[in-house]
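Each chain, letter by letter, is given below.
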Amino acid sequence: MTHNKLLGVIDEAPYDPRTWSGSSMYFFEALKKCGGLHDVISAQPSKITQWFYKGMSFQPDMVKWKFKYSLNPGYYRQMTWAAKDALNQFDTNQYQVILQVGAWYDMTGYGDKPVVSYHDGNLATLLSSPYGYPSINEGYIGRTLAYEKKLYNRLHLIFPMSKWLARSFVSDFGIDTKKVFPVGAGINLSRILNVEGKAYDNPRILFVGKDFKRKGGEDLMNAFKLVRKEIENAELTIIGPHLGEVPKGVRSLGEISKLTSNGLDQLLNEYKRASVFVLPSLYEPFGIVFAEAMAHRLPCIGTRLCAMPEIIQNGETGFLVPPNDPKALAEKIVLLLKNPEQCRELGNKGYQHYAKNYTWQAVAMQICEIIDNEL
């Protein structure tokens, strides 16, 4: 096991369960347990700085505004300076390697310590996805891509969550394959339910995803209309978005917080009562929610995009369908809902796949071992 002590860097409070969609806390806790983590710092600038750059990025359209703000290299420099100020609190003998999450800051110019990074996505993959992106000045986007390319080439090692994302670092940014190591991700649940022996007789479909459009929610709603023609009592539960009036058979529960005991209980019970998990996403650099569904022995249906073919073993733990194809999606949903035993078989294989591959401890161990071997 590694004796390299890592100094972690994340954009917000490291152990806040809301940071990095909940992954930050689990990731750093796992590194701590395997003995590889010295400490973690936040690269978040002051509130005044944040508001200043939000003002600079203003667009009348809120979606474009958020997108432009998230791609501001000037703000990235402010994050870098904030992180370096925090690093000054440490004796350089206390850690050997800097591990930054994402590309919002650049720790490569700080001292002589090697810098590695862990990623759930990059700008190039978003720009090339069927989901698309808000229309803002192309020169602005080009500057951010150039910033990422420069940073990636200076990093000593890059740890993408998926093989699909790893290929993007090589093909889109020209990174040497010898320094790119896909390591996966874990689930962001403090516990799971033991659902061994669960029944799949009720035709219940579950969708969990806040960004309804990006996660393929509109395609699922259209597919569900076709499903109801075949299975009249089919039920679709949607967790995440706050939808208005919904068709018969659809339960829209809105956002459920994992951070409260009641919220977590409710979410886990929805995993337990469902027979099939469906998320026909248009852009999914990894898809931790699929692993959470597999942890509850649910067969999964996703699209043939991004990292989903790595997570869902087609025909073994679920099915993959073309994006934007409600008819093909409906056919696979109906197939599973009409075959409870097949749901059970795929769900059990999915659980085994999760247990072997999708724990934060497994991710932390890989990162520590690779750093031991490569640096």
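These notes cover the structure that comes with them. (Residues numbered from 1 in each chain as written. Predicted model: local features only at pLDDT ≥ 70, side-chain atom pairs only at ≥ 80, totals over all residues. Heavy atoms only, no water.)

### Things to note about the overall build of the protein chain
Secondary structure summary: the protein chain contains 14 helices and 11 strands in total. Its C-alpha radius of gyration of 21 Å places the protein chain within 12% of the 21 Å reference for a compact globule of 375 residues. Principal axes of the C-alpha set define a box for the protein chain whose edges measure 65 × 50 × 40 Å. Per-residue burial for the protein chain yields a buried fraction of 55% across its 375 residues. Intrachain contacts of the protein chain at a sequence separation of at least 6 include 67% that bridge at least 24 residues. When the accessible area of the protein chain is evaluated, it comes to approximately 16600 Å², of which 49% is carbon and sulfur surface. (Helix = DSSP H or I, 4+ residues; strand = E, 2+ residues; numbered from the N terminus. Rg over C-alpha atoms; globule rule 2.2 N^0.38 Å. Buried < 20%, exposed > 50% of the residue type's maximum accessible area, 1.4 Å probe, protein only. Contact = heavy atoms within 4.5 Å. Areas by Shrake-Rupley, 256 points an atom, 1.4 Å probe, with all protein chains shown as cover.)

### Looking at the nonpolar core
Residues Phe27, Tyr118, Phe159, Tyr271 and Phe277 are the most contacted members of the largest nonpolar core, which totals 128 residues. Residues in contact with Phe277, not counting those within four places in the same chain, are Leu206, Phe207, Val208, Tyr271, Val289, Phe290, Ala293, Leu298, Pro299, Cys300 and Ile301. (Core = buried A, V, L, I, M, F, W, Y, C linked by side-chain atoms within 4.5 Å.)

### Some points on the sheet that holds strand β7 (residues 235-239)
With parallel pairing, six strands are arranged side by side in an open sheet as β8-β7-β6-β9-β10-β11. The strands lining the two open edges of the sheet, one partner per strand, are β8 (250-254) and β11 (318-321). Sheet twist, expressed as the average angle between the axes of neighbouring strands with direction ignored, equals 20 degrees. One ladder, built from five bridges, connects strand β6 (residues 204-208) with β7; its direction is parallel. Opposite Arg204, over in β7, you have Glu235 as the bridge partner. (Pairing = 2+ DSSP bridges. Axes fitted to C-alpha atoms, helices over the stretch in contact; angles between N-to-C directions.)

### As for the packing of aromatic side chains
Under the criterion given, the structure shown has 23 aromatic pairs. When the ring of Tyr53 is compared with that of Tyr75, the centres are 5.7 Å apart and the planes differ by 45 degrees; the resulting orientation is tilted. Here Tyr75 lies in helix α4 (residues 73-87) and Tyr53 lies in helix α2 (residues 47-56), a separation of 22 residues in the sequence. Taken together, the ring pairs connect Tyr15, Trp20, Phe27, Phe28, Tyr118 and Trp360 into an aromatic cluster. A cation sits over an aromatic face here: Arg297 above Tyr351, 4.0 Å from the ring centre. Directly above the aromatic system of Phe319 lies the positively charged group of Lys332, at a separation of 4.5 Å from the ring centroid. (Phe/Tyr/Trp six-rings, centres within 6.5 Å; stacked < 30°, edge-to-face > 60°. Lys NZ or Arg CZ within 6 Å of the ring centre and 35° of its normal.)

### What to know about the side chain of Ser281
Among the secondary structure elements, Ser281 is positioned in the loop between β9 (276-278) and α10 (288-295). Excluding residues that lie within four positions of it along the chain, Ser281 makes contacts with Arg214, Lys215, Gly216, Thr303, Leu305 and Met308.

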